[in-house]
Amino acid sequence: MRMQSHDHVTSARADAVALEGGVGIDVRSGGDGVVVCRIAGDLDIESLAPAKKALTRVLRGNRLVVVDLAQVAFCDSSGLNMLLVARADALATGAVLRLAAVSQPVERLLEITGAAAAFDVRPTVQAAIAELP
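How each quantity is defined
- Residues numbered from 1 in each chain as written.
- Predicted model: local features only at pLDDT ≥ 70, side-chain atom pairs only at ≥ 80, totals over all residues.
- Heavy atoms only, no water.
- Helix = DSSP H or I, 4+ residues; strand = E, 2+ residues; numbered from the N terminus.
- Buried < 20%, exposed > 50% of the residue type's maximum accessible area, 1.4 Å probe, protein only.
- Axes fitted to C-alpha atoms, helices over the stretch in contact; angles between N-to-C directions.
- Parallel < 35°, antiparallel > 145°, perpendicular 65-115°, else oblique.
- Contact = heavy atoms within 4.5 Å.
- Nonpolar A, V, L, I, M, F, W, Y, C, P; charged D, E, K, R; others polar.
- Pairing = 2+ DSSP bridges.
- Right-handed = clockwise from strand over helix to strand, strands pointing away.

A word on the environment of Glu107
Logical step 1: Turning to its location among the elements, Glu107 is positioned in helix α3 (residues 104-113).
Logical step 2: Here Glu107 falls in the partly exposed class, since its relative accessible area comes to 39%.
Logical step 3: The sequence separation of Glu107 and Val121 amounts to 14 residues, and the corresponding C-alpha distance is 9.7 Å.

Next comes the structure, spelled out in structure tokens:
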């Protein structure tokens, strides 16, 4: 699947996300209701707003939203709460939310809190996209 870049994408190059205020967001759509939202940097109370806004936007009108967390260096309870709210929003709208390439800090938080069981987690973005809903 070829992903098309939106004009609101914040990206330095194809494999890196530019950080602004501690967090970077890169949203790419395949035009078929599949969206990949790459998040980089820190997901904490001070830097959460751009990620929350991007997820809220892409959950509307898409059938599969993959959240690529490979470049997340830190995630606190507010970041976890954002992901749980996104999951609930996806369920409410009939979309599927998958987490992909989860970084070690996020994986640890999911395990410690027991939240890992609430998410569909895939090892890579490609694996998350391979099985379309």
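Next comes the rest of the write-up.
Concerning the packing of helix α1 (residues 49-58) against helix α2 (residues 77-93)
Logical step 1: Across the interface, α1 lies against α2 with an axial gap of 10 Å and an inter-helix angle of 10°. Classified by the interaxial angle, the pair formed by α1 and α2 is roughly parallel. Here α1 contributes Ala51, Lys52 and Leu55 to the contact with α2, which in turn contributes Met82, Leu83 and Ala86.
Logical step 2: Of the residues belonging to the contact of α1 with α2, the class tally is 5 nonpolar, no polar and 1 charged.

A few points about the pairing of strand β4 (residues 64-75)
Logical step 1: The sheet contact formed by strand β3 (residues 34-43) and β4 spans 9 bridges and is parallel. Looking at β4, one finds that Gly41 is bridged to Val72.
Logical step 2: The handedness of the β3 to β4 crossover, carried by α1, is right-handed.
Logical step 3: In this sheet, strand β5 (residues 96-100) lies alongside β4 in parallel orientation, the contact comprising 5 bridges. In the sheet register, Val66 faces β5, and the bridge partner there is Arg98.
Logical step 4: Regarding the hand of the β-α-β motif, the stretch spanning β4, α2 and β5 is right-handed.

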